[in-house]
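Structure assessment
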Amino acid sequence: CDTERMSLVARLFARSREGTAAAGGAREPVSTRKFTEMQFLRGHTDIVRHLLKVDDTKFVSAGDDGRIIVWQHTTGQALLTIEAHSLPVTCLMLVEQPHSHTLISGSADKTIKVWDLNNGFCNGVLDKHKGSVISLTPIPRHCFSPSNGFCFCSAGSDGKIYVWMYTPSQIENVKAVELKENEKLNCLLVVSPYVVTGSGGSLMFGYHLYDSMFRILQSNHKDAVRCLVTLPNALFASGSIDGSIGIWDAQNLVQLLNLNATEVYADHGIYLYSINVLLTFEV
């Protein structure tokens, strides 16, 4: 409801003000706490770029060797190794099915593949993109999803977003959208009925799922938007290389807050830190 949403926005704003005040005072000492490695998991031959939780006992890793590995997290045992792609894996998406887990992977080899994590079987190869697949995101079931399957979006360096419908019998491309960004796409998020994108520029776009309309989102970011994440109470957040986090109204695509913003070095395009990943968790 609106009351809960505004309460969340107020708490975020208060924490932002506290952080800004602390930053203006004496610098906090950097923690010297050291962490001890419990075990090394060996299986990849190149940089590991993606880790994704499957359930309470398993997780998935993927990276530049094109390999996907399913691990048992308590023992470190590799349960399943998939030679998935001929070039680096660039994105992963997990879909929970009634009796299995479906993993979707995108790669620099221009393909999207659908995997059954129970046996490592490939249930489909999608090759519509003419460039690297950059991002994958699920479409909520209340938008348009079949009763016995799911829908998702993919975006690539070819400047295209594709909407896919997956059922046990087929995978169908139901929509293609031409991107309007002049910069390289970094991320996308479905905020029904729009697909919101972040790119190498400060502008953000919203593409309507049901027609060809698009909107330019008026962002307070000063540089590239690297990540997007859904928040409770009809909100979402954007993270930028300039170190700021935007809090947005998902219904109207209007920015409500700009957290952690700094003017330091902004004129030179050099920032003290950047936001590359945003995670949400329950407290």
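To start, this report covers the structure provided alongside it. (Residues numbered from 1 in each chain as written. Predicted model: local features only at pLDDT ≥ 70, side-chain atom pairs only at ≥ 80, totals over all residues. Heavy atoms only, no water.)

As for the environment of isoleucine 275
You can see isoleucine 275 is positioned in the segment after strand S20 (254–259). As for isoleucine 275 and glycine 239, which are separated by 36 residues in sequence, their C-alpha atoms are 5.2 Å apart. (Helix = DSSP H or I, 4+ residues; strand = E, 2+ residues; numbered from the N terminus.)

Describing the pairing of strand S2 (residues 58–63)
With 5 of its 6 residues buried, S2 lies for the most part within the structure. The pairing of strand S1 (residues 48–53) with S2 spans 5 bridges and is classified as antiparallel. The residue of S2 that forms the bridge with lysine 53 is phenylalanine 59. Following S1, the chain reverses through 4 residues before pairing antiparallel with S2. Counted along the chain from S2 to the antiparallel partner strand S3 (residues 67–72), the turn is 3 residues long, and its residue glycine 66 has a positive phi close to 75°. (Buried < 20%, exposed > 50% of the residue type's maximum accessible area, 1.4 Å probe, protein only. Pairing = 2+ DSSP bridges.)

Overview of the environment of glycine 66
One can find glycine 66 in the loop between S2 and S3. On the basis of relative accessibility, which here comes to 0%, the residue glycine 66 falls in the buried class. Each C-alpha atom of the pair glycine 66 and aspartate 46 lies 8.8 Å from the other, and the pair is 20 residues apart in sequence.

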